Amino acid sequence: MRLSSFCLALVILIANFPAHAETTPVSIADGQVLRGEFSQERTLAGFKAPLKSTGDFVLSPSQGLIWRTRTPFQITTVISPTGLVQYAAGSEVLRLSASRMPVLSSFYELVSSALSGNQKALGDRFTVHQTTGTNGWRIDLTPRDDEASPPTFESVSVQGARFANEILILKPRGDRDKVTFSGQQLSTDPLSKDEAALLSGQSK
Amino acid sequence: MKRVLALVWVTLVVTAAAHLGYQAHKGIGLDTDLLALLPQDESDPAIRQAKAIISNDLSRQVLILAGHTEPLKARKAATKLAVGLDATGLFEKEPAAGTSGLEKLAGLYAPYRDGLLSDADRQRLQRGEGKAIADRALAQAFGLIGVGDAKLIQNDPFMLLPAFLASLPAPMPRVSVDDGMLTVQGDGKTWVLITRNLKSEAFALNVQDRLTSDLDKTISEIEAVEPETEFRRLGAVFFAHAGAKTGMSEATRISGIAITAVVLMIVFVFRAVGPLWQSLIAIGIGLVCGLSVTLLFFDRVHIVALIFGSTLIGTTVDYSLHFFCEAFGQEKSSSHQRLNHVLPALSLGALTTVIGYSILFLAPFPGLRQIAVFSVVGILASFATVILWLPFLDRRQSVNHGAKYLRVADGIWRFWERTDLRNIQIGILVVLAMLGAVGLAQISSLDDIRRMQTLSPVLMAEQQKIQALTGRAVTTQYYLVQAPDHEIALAREELLLGRLNKLQAAGVVGAVYAPAQFVPSTSRQRENARIVSEKLEVPYLTRQLSLLGMPMPEKSNSPTTQFLSLNQVVNALPMLRNLLLPDRTEGVTHVVLLESATGIGKLRLAVEGIEGISFVDPAVEITGLFGKYRRWAIALLAGSIALMVIALGMRYGFRRAGRVMVPPAAGVVLAPGLLALAGHQFSFFDAMALILVLAIGVDYAIFCAETKGPRRSQTMLAVTLATLTSLLSFGLLAFSETYAVHTFGLTMMTGIFLVFLLAPLAADRLGTSTKEAA
């Protein structure tokens, strides 16, 4: 669940925005691609300093997400309908297929329904608390009690104006992740050849 | 004198009946497994014991899938199902398969992580690719996914332990753990698996019944609430249950029809009720005594023995028929006189039949011995009843009707007697002999048990669907590893695994499950620790720690690494538990299971040079056994014929004894030949049938040989009726769903029919009737 919940929250909230009186709601249509930069700060209990990384991302609703960490070193994570693949310094280090992790394919269905405006799916898994203010909006999610497994995170809160700007994930045992976005752009340009190859599951 | 004997017999019968009643009250133990008919393996007792435990373990596994288009509903159904199953009390407690289970496992393994490396990681380090491992750990720490437990990285900055745990074999590759439950997608539904192990053997009838009924009840309760939930089941216990139900209903059906046929025939021919109920008494006592003594000796009875036993009806009725047919004809006689007429024939017939069945004792098959005991006791008991009781019970003086029957029955005898038809007679014999010879020349044998066991088609279909869904492809072949202690066993397995890895890459075998994958040998762990230190920590540890922002760990005060042993993890891993057999005084035994094995020859070769490991292929072994005992049975047949000739020789002289044996011997030799012409393959069960053809056929020949001229119509009538009853009872077997029983019945029918046709040949010089005092 840890993977799906984080990614789910992340992707949905980048892509699907609450209506706001002062902001044009923006959602991604087919054929559009969202790009931007991120800065991630991961605080782990017991570690002296948080782990920081920065990079950029590419999100295409039907094909998937490419998360390219550039500092402190290169890691590329690709989530697509076939599963999850990670590359470090150019060579593949991790591959999880969606069939081995069924949570990935159900997550994917959730994402597509969310992107087409189906808020209900979000509400099934989380308690949603929404506030709006002058600068933008904020959504707090807490996972619903699922009998089978303990929660993998305690809460997710997202702040944004036109696009989501910051995501804060609180995990049990005092760990937390803070992701800040900048330079988000929606474009209709097609994916580059490399990006398309990554999303289709072929190794770089 | 006769009265005394009759009374003694009454006592014996009552004792036998009482014993049977007692056994029935206790609950008669019924075996349905075809393999229980087979003898013990002659090899090493340790191997025998290991194989028994393995097949027992496999037979206790139960797997049920609950499926629904909505995953949450599938999970609810599975949870309810699990609760229902556990409530039966028939299953062992199952540790939770879930993420919590995984964390617990990681906790168990963690203290020994220094010596644990996945195969892939070990190979990477040996090739000098340590940096890839370091980067992988960093990717997980920094990357999008994140790390579940910070403590994990602190103690294991290269994250070798998670990689090792991920490399542990999983028995159902398409199945994954989703929120604590084993789940797989397929056929448009989400399926959740429940696996359990039965506490006791799967072949105890009461366990099968209780499990099936409780399971069906729970399923219908779930379906009442959610009708679209689908269930699939897999387990030896279900097959055994279906087999037992079919077998028992067959046995009842066959006995029922056989008895009805016999009743109708007797009533029709004799037009009196007397012969009917008296015959039934003789038959019934035969069955009761047979079953009673069998249970006395064996404690349990096999379903196949029961089915054969039910055909005793066709055999034991021969004696009463011969006795009753003597009453046909014009003269008045008393029953005692009639008995005297047939006593020599009956005695000799019973003797030779008992010899025929007793031969089965020599075969080292426990199942055959049961059949032998059942039949021998049954025959003797019927015989005793006929000669001791029936004369007192049969009050008739003579039977006046039936001249028609006598004439018809006499027909066959007359045919063989007529000298003017000699050419046709010879012609028939020659044609039969030629057909038989042609058939025998092209005869082929069938020993493969998989062709012989008919398993419930419904359950087979479910099994295939389950295997397709889960990717479960466990084969029946495995390796048995024996060693003086666990460390040596694990080291031997590691040698084998090294070779099997190559075979896996070549596609010869799929997954392999060996204890050494879960717990490497101590020497391997030592080597792993050394490689990690040399090729990973020395070059990369500083970089790793600085990037992660972790301080250098203080040198731990324990210089010696702790090494993992089987005891520490075996309770948490049911898969591992199944691979370890109980320790013996001489050493330990492990099992290595295989999946999707295609190149059996290569797998067999893989153990060459490794001491203490043997490749076991149960199906091939059983097929070999069936072949061996098919040849045994044919030898027994020859021995039987020889013994009978000796017995008959003492009465008739050897020349005539030879001629008396011609009809039964011809039946035995020609039946397989003729069936082969029809495409039938000769199996062990055909051989068993031939032994009985001989035993029964010799009765007919003896009846014909013993009869004096004027009485021969009565004798032929008896032989005809006996043949009809035998054909009916064995003919019914040919309709059985069990291949073994079906083929037995087919050969019996053919053999008996041939003997009947040729029976008059056994008689004294045809054409000259010896006039002796009647």
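Here is what the cut-offs are and how they apply
Every residue gets a number counted from 1 within its own chain, in the order that chain's sequence is written. Think of it this way: whatever chain is written first is A, whatever ligand is written first is 1, and the rest follow in order. Only residues with pLDDT of at least 70 get local features here, since the model is predicted, and only at 80 or more are side-chain atom pairs given and counted; chain-wide, interface and lining totals rely on the full set of residues. For side-chain calculations, the full set of non-hydrogen atoms in the structure is used, while hydrogens and water are omitted. Every helix listed is a DSSP run of H or I at least four residues long, and every strand listed is a run of E at least two residues long, numbered separately from the N terminus. Buried residues are those whose accessible area, probed at 1.4 Å on protein chains only, stays under 20% of the maximum for their type, while exposed residues exceed 50% and partly exposed ones sit between those limits. Pairs of residues are marked as contacts when any of their non-hydrogen atoms sit within 4.5 Å. Accessible surface is estimated by sampling points in the Shrake-Rupley manner with a 1.4 Å probe; for residues, cover comes only from the protein chains shown. Take the buried residues of types Ala, Val, Leu, Ile, Met, Phe, Trp, Tyr and Cys, join any two whose side-chain atoms come within 4.5 Å, and each joined set is a nonpolar core. For two strands to be treated as a pair, DSSP must find no fewer than two bridges joining them. To obtain each axis, a line is fitted to C-alpha atoms, and for helices this fit is confined to the stretch in contact; angles are then taken between N-to-C directions over 0 to 180 degrees. In this analysis, rings of Phe, Tyr and Trp, with Trp reduced to its six-membered ring, are considered paired at centre separations within 6.5 Å, and the interplanar angle assigns stacked below 30 degrees, edge-to-face beyond 60, and tilted for intermediate values. Counting as a charge over the ring demands two things of the Lys NZ or Arg CZ atom: a distance within 6 Å of the ring centre and an angle within 35 degrees of the ring normal. The predictor rates its confidence in each residue with pLDDT, a number between 0 and 100. With respect to orientation, any angle under 35 degrees is reported as roughly parallel, any angle over 145 as roughly antiparallel, any angle of 65 to 115 as roughly perpendicular, and every other angle as oblique. Left-handed is the label given to a crossing in which the near helix is rotated counterclockwise from the far helix by less than a right angle, and right-handed is the label when the rotation is clockwise. Following the grouping adopted for this structure description, the nonpolar residues are Ala, Val, Leu, Ile, Met, Phe, Trp, Tyr, Cys and Pro, the charged ones are Asp, Glu, Lys and Arg, and the polar ones are all others, Gly among them. What a helix should span is 1.5 Å times the count of its residues minus one. The patch calculation keeps residues exceeding 30% relative accessible area without a salt bridge and links them within 9 Å when they carry like charges or within 5 Å when they are nonpolar (Val, Leu, Ile, Met, Phe, Trp, Tyr). By definition, a salt bridge exists where a carboxyl oxygen of Asp or Glu is found within 4 Å of a side-chain nitrogen of Lys or Arg.

Q: How would you sum up the overall build of chain A? Please name residues and give values.
A: Regarding its fold elements, chain A presents four helices and eleven strands. A buried classification covers 49% of the 204 residues belonging to chain A. The long-range share in chain A, meaning contacts at least 24 apart out of those at least 6 apart in sequence, stands at 45%.

Q: Got a sec to walk through the overall build of chain B? Specific residues and values, please.
A: When helices and strands are counted, chain B shows 31 helices and 14 strands. Element-wise, carbon and sulfur atoms account for 62% of the exposed surface of chain B, whose accessible area totals about 32,900 Å².

Q: Lay out the nonpolar core with the relevant residues and their values.
A: Residue and element names in this part refer to chain B. Counting 130 residues, the largest nonpolar core has Phe270, Leu648, Phe684, Phe744 and Met748 as its most contacted members. Among the elements that line this core, the one with the most residues is helix H29 (residues 684-706), at 18 residues. Setting aside residues up to four positions removed in sequence, phenylalanine 684 forms contacts with Phe365, Leu368, Leu446, Phe626, Tyr629, Arg630 and Ala633. With 55 residues, the next largest nonpolar core counts Val509, Val569, Met575 and Val591 among its residues.

Q: Any details on the sheet that holds strand E10 (residues 164-170) of chain A? Residues and values, ideally.
A: All names here are of chain A. With antiparallel pairing, the eleven strands of this open sheet are ordered in space as E6-E5-E4-E3-E2-E1-E11-E10-E9-E8-E7. Of all strands in the sheet, those with a lone pairing partner are strand E6 (91-97) and strand E7 (126-132), marking the two edges. Put simply, the sheet's adjacent strands are angled 15° from each other on average, direction ignored.

Q: Could you give an account of the packing of aromatic side chains, with specific residues and numbers?
A: Counted under the stated rule, the structure contains eleven aromatic pairs over all chains. When the ring of Tyr109(B) is compared with that of Phe164(B), the centres are 5.5 Å apart and the planes differ by 70°; the resulting orientation is edge-to-face. On the criterion of sequence distance, the pair formed by Tyr109(B) in helix H4 (residues 99-109) and Phe164(B) in helix H8 (residues 160-167) is long-range, its members being 55 residues apart. Using a relative accessible area of 0% as the deciding quantity, one classes Tyr109(B) as buried. Overall, the relative accessible area of 2% leaves Phe164(B) in the buried class. Through successive ring pairs, a cluster of aromatic residues spans Phe38(A), Phe57(A), Trp67(A) and Phe181(A). Lying over the aromatic face of Phe238(B), Arg233(B) brings its terminal NZ or CZ to 5.2 Å of the ring centre. The cationic tip of Arg656(B) hangs over the ring face of Tyr652(B); the distance from NZ or CZ to the ring centre is 4.7 Å.

Q: Talk me through the confidence of the model for chain B; I want residue IDs and the actual numbers.
A: All names here are of chain B. Within chain B, residue pLDDT values average 81, and 90% of them lie at 70 or more. This stretch, residues 767-774, has a pLDDT under 50; its non-local contacts, to residues over four places away or in other chains, come to seven contacts. The ipTM for the predicted assembly is 0.75, set against a pTM of 0.68.

Q: Provide a residue-level description of the pairing of strand E3 (residues 64-71) of chain A, including the pertinent values.
A: All names here are of chain A. Two elements, strand E2 (residues 51-60) and E3, share seven bridges in a ladder whose sense is antiparallel. Bridged to aspartate 56 within E3 is arginine 68. Between E2 and the antiparallel strand that follows it, E3, lie three residues. Bridging between E3 and strand E4 (residues 75-80) involves five bridges; their strand directions are antiparallel. Paired with isoleucine 66 across the bridge in E4 is valine 78. As consecutive antiparallel partners, E3 and E4 are separated by three residues.

Q: Lay out the packing of helix H13 (residues 312-325) of chain B against H29(B) in plain terms, naming residues and giving numbers.
A: Relative placement of two packed helices is described by the angle separating their axes and the distance separating the axes. Residue and element names in this part refer to chain B. Closest axis-to-axis distance for the H13/H29 pair is 10 Å, and the angle between their directions is 15°. In terms of their interaxial angle, H13 and H29 are classed as roughly parallel. The element H13 and its partner H29 pack so that their crossing is left-handed. Contacts from Thr315, Asp318, Tyr319 and His322 in H13 reach Ile696, Asp699, Tyr700 and Phe703 in H29. Grouping the amino acids of the contact of H13 with H29 by side-chain chemistry returns four nonpolar, two polar and two charged.

Q: Hey, could you go over the environment of Gly286(B) for me, with residue numbers and the actual values?
A: All names here are of chain B. Examined against the element boundaries, glycine 286 turns out to sit in helix H11 (residues 274-298). Classification of glycine 286 as buried rests on a relative accessible area of 0%. For the pair glycine 286 and valine 376, spaced 90 residues apart in the sequence, the C-alpha separation amounts to 9.4 Å. The residues contacting glycine 286, other than those within four sequence positions of it, are Gly378, Ala381 and Ser382.

Q: How would you explain helix H15 (residues 366-388) of chain B if you had to name every residue and give the values?
A: For an α-helix, 3.6 residues make a turn, and residues three or four places apart therefore share a direction. For H15(B), spanning 23 residues, the distance from its first C-alpha to its last is 33 Å, which sits close to the expected 33 Å at 1.5 Å a residue. Burial analysis of H15(B) places 19 of its 23 residues in the buried class, which makes it a mostly covered element.

Q: Describe a nonpolar patch on the surface, listing the residues and the values that go with them.
A: All names here are of chain B. A cluster of nonpolar side chains, namely Val431, Leu435, Val438 and Leu677, defines an oily patch on the protein surface of about 300 Å² accessible area. Counting through the fold element by element, valine 438 comes out in helix H18 (residues 422-441). Taking relative accessible area as the criterion, valine 438 reaches 45% and is therefore assigned partly exposed.

Q: So what's going on with the pattern of salt bridges? Which residues, and what values?
A: All names here are of chain B. Scanning the entire structure with this criterion turns up 20 salt bridges over all chains. The partner of glutamate 70 in a salt bridge is lysine 73, with the nearest N and O atoms 3.3 Å apart. For glutamate 70, a relative accessible area of 39% puts it in the partly exposed group. Using a relative accessible area of 27% as the deciding quantity, one classes lysine 73 as partly exposed. Taking the shortest distance from any N to any O, the salt bridge between arginine 196 and aspartate 86 comes out at 2.9 Å. Of the two residues, arginine 196 is situated in strand E5 (residues 189-197) and aspartate 86 in helix H3 (residues 71-87); the sequence distance between them amounts to 110 residues.

Q: So what about helix H10 (residues 236-270) of chain B? Which residues, and what values?
A: Spanning 35 residues, H10(B) covers 50 Å between terminal C-alpha atoms, matching the ideal 51 Å at 1.5 Å per step. The first or second residue beyond H10(B) is Arg271(B), which carries a positive phi of 50°.

Q: Give me unusual backbone geometry: which residues, what numbers.
A: Cis geometry is found at the peptide bond from Thr71(A) to Pro72(A), where omega equals 0°. By the secondary structure assignment, Pro72(A) is in the loop between E3 and E4. The backbone phi angle of Asp187(B) is positive, close to 55°, even though this residue is not glycine. Positive phi, normally seen in glycine, also occurs at Arg271(B), with a value near 50°.

Q: If you had to explain the pairing of strand E2 (residues 61-68) of chain B to someone new, which residues and values would you point to?
A: All names here are of chain B. Here E2 lies mainly inside the structure; seven of its eight residues are buried. Across eight bridges, E2 lies against E5 in antiparallel orientation. The residue of E5 that forms the bridge with alanine 66 is valine 192. As paired elements, E2 and strand E6 (residues 230-235) share six bridges and run antiparallel to each other.

Q: How would you sum up the environment of Met460(B)? Please name residues and give values.
A: Residue and element names in this part refer to chain B. Along the polypeptide, methionine 460 turns up in helix H20 (residues 457-470). Residue classification places methionine 460 among the partly exposed residues on the basis of a relative accessible area of 29%. Excluding anything up to four places from it in sequence, methionine 460 contacts Phe239 and Leu455.

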